[in-house]
Amino acid sequence: MSVRTRFAPSPTGYLHVGGARTALFNWFFARKHGGTFILRIEDTDAARNTDAAYDVIYQGLRWLGLQWDEGPHAGGGYGPYFQSERNAIYEKHFAALEAKGCLYEDGGAIRFRSPRRTVVVEDLVCGRIAFDMSNPVTHPDMTIRRPDGSWIFHFVNVVDDIEMRLTHVIRGEDHLSNTPKHVELYEALGVKPPHFAHIPLILNHEGKKLSKRDGGSSITYFIDGGYAPEAVANYISLLGWSPKDNREFLALDEIRELFALENINRRSAIFDLDKCFWLNGQHLLHMSLDRFTDLALPFLEKAGIAYGAREALQPVLAIVKPKVKHLSDIPDWIGYFFDDAYPFDPAAADKALRKPGALERLAQLKEALAGVGDWTHPALEEKLKETAATHGVKTGEFIHPARVAVSGRAVGPGLYEMLEVLGRERVLARMDRAIAEFGA
C-alpha cells in the first residue's frame, strides 16, 4: 500500500499553528513511507475566498519547507486541488447516494439518512472508540447540501478523500466527533474508510484552545517576527509528538525519519512561545553562515540596508550571528557597518565618550592602532592591551570609548572582531569623527 495523506485547509487568510502542525505531521508521515502528500483547498464558501487568503496558505507551507506532490495546476511544482473546481465529482457521488435511497429533502436542504447503528473507529492515536449513532436527537441526520445547492463540509470531505485515494487521514482531535458521520458516508458509497489518526489539541497557558488572540498562533507571526523556518517546524512538531529520546533540537530531516504516529501523545499540547524562542536561538546559532545569510537578506532589504555584495555582508553577519535571537533584529545589529554617518546613542556617548579623559584615551588608542601591521583580531587585541599597560589603566578605559566611537552604541559583537571587519581606514576615520564631534 502506497501511503497517501493530505492537508485540507480553508482559505480564511490565516494559517493557524494547529493547521501547520497537521500539515507537518501528514508531510512527515508521507515522506517517511515514500508516499504522497496532497494539498487540497476547501474553498466551497465562495464569499470568504480571496487571493490573499490562498497566498497565506502557500507562503506558510513553503516557508516551513513543505511541498505537496500532486495537483491539477502546474507552475513551479504542483498546484493544490480546489474543491470549488470539483462540483461534477460531487454531483456523481450525490447521485449514487440518491439512487441508494440514502438521501431525503428537509426544508429545501438534502440530508443523509443515518443507518442508526454503532460506528466503531480504530483510531491510530486515540485507540478504539465506539460511537452510538442510534439516537436521532443526539445524532440528527446530517445535511450534505444546503437549500442554495452548496455542499456541506462532511460530504465533499469524504468524496475528495475517496477520489484522492487517501490511505491515512491525520487531523486535529476536534474532528473526532465528525468521524462516525464520515464512516457512514464511506460505507454508503461502498468504500472502505482510510486509517484515522486524530492528534491532540493545542492549548494556551490557560488551558483553552489556542486562538487568534493568542500570540504566536499564526505562522505569519513567526515569518514577520524573524524566526527561522526550521526552528518553528521543529517546535510545532513537538506539540503532541516526541522522538522518545528527550531531544528537542531537531532538524526537519531528522524529524521525518523519527516520526511515528504511535509516538503522538494523547494529551493536549501546551503552546509555549518561550520554548519556540529558545529553539529559534539554537537553530540560528548552529546553522551555516550561508543559510543565515539567505534568511537575513529579506529583512535587510526591507530595512534598506545598503550592504553591497554578499561577500561584503557575510563577514559582518559572521560576527553578529552568535548574538542574534530574531532575524528581524539583524538590521539593527549591523546597520552601522554599512553607514559611516551612524548616529550615536546618547546614553552610550555620555558614559563612554563624555567621561573625563575618554577622548584622550581614544586618541591614544587611534595612534597605537595606526601602527598595527597585521590588522587582525589577535593583533588588535594585543595592541589595545599593550596601550592600556603603557598608560597604566585598565583595558576598559580604551575598550568602551573605542566601541562607541566606531559603532555609536555600547552593545554589539566583540570589539576586536568588529575592528577587524571594519578595516583600518574606516576604524581610524570613525575615531577621528568621534573625537571631533564630542571634543567640540
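Residues numbered from 1 in each chain as written. Predicted model: local features only at pLDDT ≥ 70, side-chain atom pairs only at ≥ 80, totals over all residues. Heavy atoms only, no water.

In this structure, what is going on with the sheet that holds strand 3 (residues 81-82)? I would like to understand it.
For sheets, the rule is that strands pair by backbone hydrogen bonds, running either parallel or antiparallel. Sheet architecture is open: three strands sit in the order 1-2-3, paired in parallel fashion. Unpaired on one side and paired on the other, strand 1 (4-7) and strand 3 mark the two borders of the sheet. Note: strand 2 (residues 36-41) against strand 3, two bridges, orientation parallel. In the sheet register, Ile-41 faces strand 3, and the bridge partner there is Phe-82. (Pairing = 2+ DSSP bridges. Helix = DSSP H or I, 4+ residues; strand = E, 2+ residues; numbered from the N terminus.)

Hey, could you run me through the sheet that holds strand 8 (residues 143-145) in this one?
Read from one edge of the open sheet, three strands run 4-5-8, paired in antiparallel fashion. Looking at strand neighbours, the two that pair on one side only are strand 4 (103-106) and strand 8, the edges of this open sheet. On average, each strand axis in the sheet is tilted by 45 degrees relative to the strand beside it, whichever way the strands run. Examined bridge by bridge, strand 5 (residues 109-112) and strand 8 share two bridges and lie antiparallel to one another. Bridging from a neighbouring strand, Ile-110 pairs with Arg-145 of strand 8. Relative to strand 8, helix 3 (residues 87-99) is tilted by about 130 degrees, and along the sheet it contacts strand 4, strand 5 and strand 8. (Axes fitted to C-alpha atoms, helices over the stretch in contact; angles between N-to-C directions. Contact = heavy atoms within 4.5 Å.)

Would you mind going over the packing of helix 10 (residues 289-303) against helix 11 (residues 310-320) with me for this structure?
The geometry of a pair of packed helices is captured by two quantities: the angle between their axes and the separation between those axes. Where helix 10 contacts helix 11, the axes come no closer than 10 Å and their chain directions differ by 105 degrees. When the interaxial angle is binned, helix 10 and helix 11 end up roughly perpendicular. Contact with helix 10, carried on its side by Leu-289, Asp-290, Phe-292, Thr-293, Asp-294, Ala-296, Leu-297 and Leu-300, involves Arg-310, Leu-313, Gln-314, Leu-317 and Ala-318 of helix 11 and no other residues of that element. The residue makeup of the contact of helix 10 with helix 11, split by class, is eight nonpolar, two polar and three charged. (Parallel < 35°, antiparallel > 145°, perpendicular 65-115°, else oblique. Nonpolar A, V, L, I, M, F, W, Y, C, P; charged D, E, K, R; others polar.)

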